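Chains, contacts and geometry: an overview
Residue-level listing of the chains:
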Amino acid sequence: MATSTYACVRDYERQALSLLDRQTGDFFYGGADNEQTLSDNTADFKRLRLRPRMMVDVSNINMKTTLLGQEVAFPVCVAPTGIQKLAHPDGELATAKAAASLQTGMCLSTASSVKIEQITENVPEVLLWFQLYVCKDRDMTRQLVKQAERAGCKALVITLDRSMHGNRRRNIRNKFSIPPHLRFKILDSLETPLLDKKGNDYAFLNTIFKVTVTCEYIRWITTITDLPIVAKGVMSGVDAVKALESGCKAIYVSNHGGRQLDEVPSTISVLSEVVKAVNGRAEVYLDGGVRTGTDVLKALALGARAVFVGRPPLYGLAVAGEEGARNVLTILRNELKLAMQLSGVTDVQSVSRDLVTYRASL
């Protein structure tokens, strides 16, 4: 499919939702309950305004940065989203190829529709992190961690905000179910009696994932791996400090894309609080609502080291497979570079807080 006329992420979103069946489109797009948080995640970026600096030489722009010591070409990475073969037959493998081609990172979901080693064997150059849903059975958690280690993942991203599956009304109305030919491939490979009757729906996941991820559980994980641990789902300064004290090496501000508890704040609105609490002791990342390069620049100004995007690459994947996912990431990269040049910013690692202000009331 020709994609040369798609000028922005929203173009890909509209086209993807027109191509996908309603069940799948709503599954990707939708949020929890009234979808207030889903809406706020994008809307609150637009409450921020940029304050550009003039008389700055912007002929040379540095977009490279490092995440836990690993270099990426620009600070936009792929967030963990499950069962990507719903969007395209190549699924997570195509997304990984897209990220690798642009020298950026990807976080692979526990609910992936491909195995970890399928990514690392076919795309060895991609910077791959593994998003971990911790399990009630600690041996299952251990197996997941060891899979990630053997495959060569560079970090574990522990999701904190999935105590139970969020109430997603679109899925209920549509009677959404994952097609039987698609599997949670990583979970399928676990050796445990609990998975003798393997399921492929999200209700099944509630039966194996731990209801509460405690500080003690995180500390236990630090004893079974040398991989750095990133705490994902942090929405307050208090929890950021607890995560660091439990052994986490980075903080990932996220509300699960507005898909878990509705009417919590947007991620961009709590970013400054989390960054202040961390106080330079660890890197801070953000996902939720990022749709433009100016969104990325605003997050960097408020203290994020990088942003992660979940739905945008999925929309690209649905439209044109690997090419579509790559195009979406390229759009965000190019928009960020232009926004930096027009704002008088020359390095993504030195974006200052005074670049952003809140929109004045008229």
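**Here's the deal with the environment of Ala94**
- The topology assignment puts Ala94 in helix 4 (residues 91-101).
- Under the relative-accessibility criterion, Ala94 is labelled buried at 3%.
- Sequence separation of Ala94 and Ala325 is 231 residues, and the distance between their C-alpha atoms is 7.8 Å.
- Beyond its immediate stretch of four places on either side in the chain, Ala94 contacts Leu317 and Glu322.

**Topic: the confidence of the model for the chain**
- Averaged over the chain, the pLDDT score is 94; the fraction of residues at 70 or greater is 94%.
- Predicted confidence in the chain is weakest over helix 9 (residues 202-208), with a mean pLDDT of 69, and strongest over strand 4 (residues 76-78), with 99.

**What to know about the pairing of strand 7 (residues 156-159)**
- Residue alternation in strand 7 divides its side chains into two sets, Leu156 and Ile158 and Val157 and Thr159, and both sets are buried.
- As judged from the 3 bridges shared by strand 6 (residues 127-132) and strand 7, these two strands associate in the parallel manner. The residue of strand 7 that forms the bridge with Leu132 is Ile158.
- Pairing of strand 7 with strand 8 (residues 229-234), which is carried by 4 bridges, proceeds in the parallel orientation.

**Thoughts on the packing of helix 1 (residues 9-19) against helix 14 (residues 311-343)**
- One can describe the packing of helix 1 onto helix 14 by two numbers: an axis separation of 10 Å at closest approach and a directional angle of 175°. Between helix 1 and helix 14, the angle is such that the two are roughly antiparallel. Mapping the contact onto sequence places Val9, Tyr12, Glu13, Gln15, Ala16, Leu17 and Leu19 in helix 1 and Pro312, Tyr315, Gly316, Ala318, Val319, Gly324, Asn327, Val328, Ile331 and Leu332 in helix 14.
- Looking at side-chain class alone, the contact of helix 1 with helix 14 contains 12 nonpolar, 4 polar and 1 charged residues.

**Describing the nonpolar core**
- Grouped together as the largest cluster of nonpolar side chains are 109 residues, with contacts concentrated most on Ile116, Phe130, Ile221, Ile251 and Leu271.
- Broken down by element, this core gets its largest block of residues, 13 residues, from helix 14.
- In this structure, Ile221 is in contact with Leu132, Val134, Thr141, Leu156, Ile158 and Ile229, ignoring residues within four places of it in sequence.

**Focus: the environment of Arg311**
- Tracing the backbone shows Arg311 in helix 14.
- For Arg311, a relative accessible area of 12% corresponds to the buried category.
- Distance from Arg311 to Glu191, taken between C-alpha atoms, is 31 Å for residues 120 residues apart in sequence.
- Residues contacting Arg311, with those up to four places away along its chain left out, are Phe28, Tyr29, Gly30, Leu38, Gly257, Arg259 and Arg291.
- Of note is the side chain of Arg311, whose polar atom sits 2.8 Å from the backbone oxygen of Phe28.

What counts, and where the lines are drawn
Residues numbered from 1 in each chain as written. Predicted model: local features only at pLDDT ≥ 70, side-chain atom pairs only at ≥ 80, totals over all residues. Heavy atoms only, no water. Helix = DSSP H or I, 4+ residues; strand = E, 2+ residues; numbered from the N terminus. Buried < 20%, exposed > 50% of the residue type's maximum accessible area, 1.4 Å probe, protein only. Contact = heavy atoms within 4.5 Å. pLDDT = per-residue confidence, 0-100. Pairing = 2+ DSSP bridges. Axes fitted to C-alpha atoms, helices over the stretch in contact; angles between N-to-C directions. Parallel < 35°, antiparallel > 145°, perpendicular 65-115°, else oblique. Nonpolar A, V, L, I, M, F, W, Y, C, P; charged D, E, K, R; others polar. Core = buried A, V, L, I, M, F, W, Y, C linked by side-chain atoms within 4.5 Å. Polar contact = N/O pair within 3.5 Å; in protein donor to acceptor, adjacent residues only side chain to side chain.

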